[in-house]
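Report on the structure
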Amino acid sequence: LPAAISAACGGFGIKTSCRHGFYAASPSTDWHALLYNDASGKALLVLFDGEDAVAQSKEIGAEEVRGLQFDPSGTHLVALISGGTNIQNSPSFFVKLRMPSLDEVWRMPVESPMVGMEKWTPDNSDAIAISEERYVLHSAGVCREGEWCAGHQGDILQVLNSTTGERLQ
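All values reported here derive from a predicted model rather than from experimental measurement.

A word on the pairing of strand E4 (residues 54-61). Taken together, the 6 bridges between strand E3 (residues 43-48) and E4 define a ladder with antiparallel strand orientation. Residue pairing in the sheet places Ala43 in a bridge with Gly61 of E4. Here E3 folds back onto E4, and the loop between the two strands holds 5 residues, one of which, Asp52, carries a positive phi near 65°.

That bond from Met99 to Pro100 is cis: its omega, -10°, falls within 30 degrees of zero. Mapping Pro100 onto the fold places it in the loop between strand E7 (92-98) and strand E8 (104-110). Phi is positive for Asp52, close to 65°, though the residue is something other than glycine. Looking at the element boundaries, Asp52 is found in the loop between E3 and E4. A positive phi angle, near 65°, is found at Leu102, a position not held by glycine. Inspection of the secondary structure assignment puts Leu102 in the loop between E7 and E8.

Let's shift gears to the environment of Ser92. Of note, Ser92 is situated in strand E7. A sequence separation of 19 residues divides Ser92 from Glu111, and the C-alpha atoms of the two residues are 7.4 Å apart.

Core analysis: the largest hydrophobic core is formed by 19 residues, its most contacted members being Leu45, Ile60, Leu68 and Leu77. At the level of secondary structure, the elements contributing two or more residues to this core comprise strand E1 (21-25), strand E2 (32-37), E3, strand E5 (64-70), strand E6 (76-82) and E7. With near-sequence residues (within four places) excluded, Leu77 lies in contact with Ala33, Leu45, Leu68, Gln69, Phe70, Val95, Lys96, Leu97, Met99 and Leu102.

To continue, consider the state of the cysteines. Summed over the entire model, instances satisfying the criterion amount to 1 disulfide. Between the sulfur atoms of Cys143 and its disulfide partner Cys149 the distance amounts to 2.0 Å. Between Cys143 and Cys149 the sulfur-sulfur dihedral comes to about -95°; the bridge is accordingly left-handed. In this structure Cys143 comes out as buried when scored by relative accessible area, which is 4%. Assessed through its relative accessible area of 6%, Cys149 is described here as buried.

The full count for this structure, using the stated rule, is 2 aromatic pairs. With a centroid separation of 6.4 Å and 50° between ring planes, the pair formed by Phe94 and Tyr135 is classed as tilted. Taken together, the residues Phe94 in strand E7 and Tyr135 in strand E11 (residues 134-143) connect sequence positions 41 residues apart. Taking the relative accessible area as the measure of exposure, Tyr135 reaches 1% and is therefore buried.

Backbone hydrogen bonds are what pair the strands of a sheet, in a parallel or an antiparallel way. On the basis of which strands lie adjacent, the open sheet formed by 4 strands has the order E1-E2-E3-E4 and antiparallel pairing. Because the sheet does not close on itself, it has two edges, and the strands there are E1 and E4. Going from strand to strand, the sheet's axes swing by 15° on average, the running direction of each strand aside. In terms of strand pairing, E2 meets E3 through 6 bridges, oriented antiparallel. Each bridged residue has a counterpart across the sheet, and for Leu35 the counterpart in E3 is Leu45.

Rules used in this analysis
- Residues numbered from 1 in each chain as written.
- Predicted model: local features only at pLDDT ≥ 70, side-chain atom pairs only at ≥ 80, totals over all residues.
- Heavy atoms only, no water.
- Pairing = 2+ DSSP bridges.
- Helix = DSSP H or I, 4+ residues; strand = E, 2+ residues; numbered from the N terminus.
- Core = buried A, V, L, I, M, F, W, Y, C linked by side-chain atoms within 4.5 Å.
- Buried < 20%, exposed > 50% of the residue type's maximum accessible area, 1.4 Å probe, protein only.
- Contact = heavy atoms within 4.5 Å.
- Disulfide = S-S within 2.5 Å.
- Phe/Tyr/Trp six-rings, centres within 6.5 Å; stacked < 30°, edge-to-face > 60°.
- Axes fitted to C-alpha atoms, helices over the stretch in contact; angles between N-to-C directions.

Now the structure itself:
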């Protein structure tokens, strides 16, 4: 990968360690993928074939990458991108992409009236689980003003219908 985003790493200790990157391999096909933030902060997705050659690459946003998984059939790839650390009112998104074209099927915001993920979400606090019917996210954030937990850590659990992207919980 190109040089780290060192200007954005000041509060993270070692400056070259704050670049996010996620790797996923399909459980049922030869596809595998890498999702990372380039030096300008864009979210780049690279798809590799069974011979490890680049099959496709695509910019899927300007947000911080947070997760990547294939669905069990290997027909779709699901990415989680963040609205950005300390950027208010900028939600995170689940992005479903069709294989192998990487065409976007849907993009749905991850939102909670109680917890703001965009204000503070520790690195690697996002846990995603992908099945044929549901996509599940569990993450941390800070409770919004006016809530009983205001200013303290809270969590969010969101379940989406894999076909439509509609929130189930």
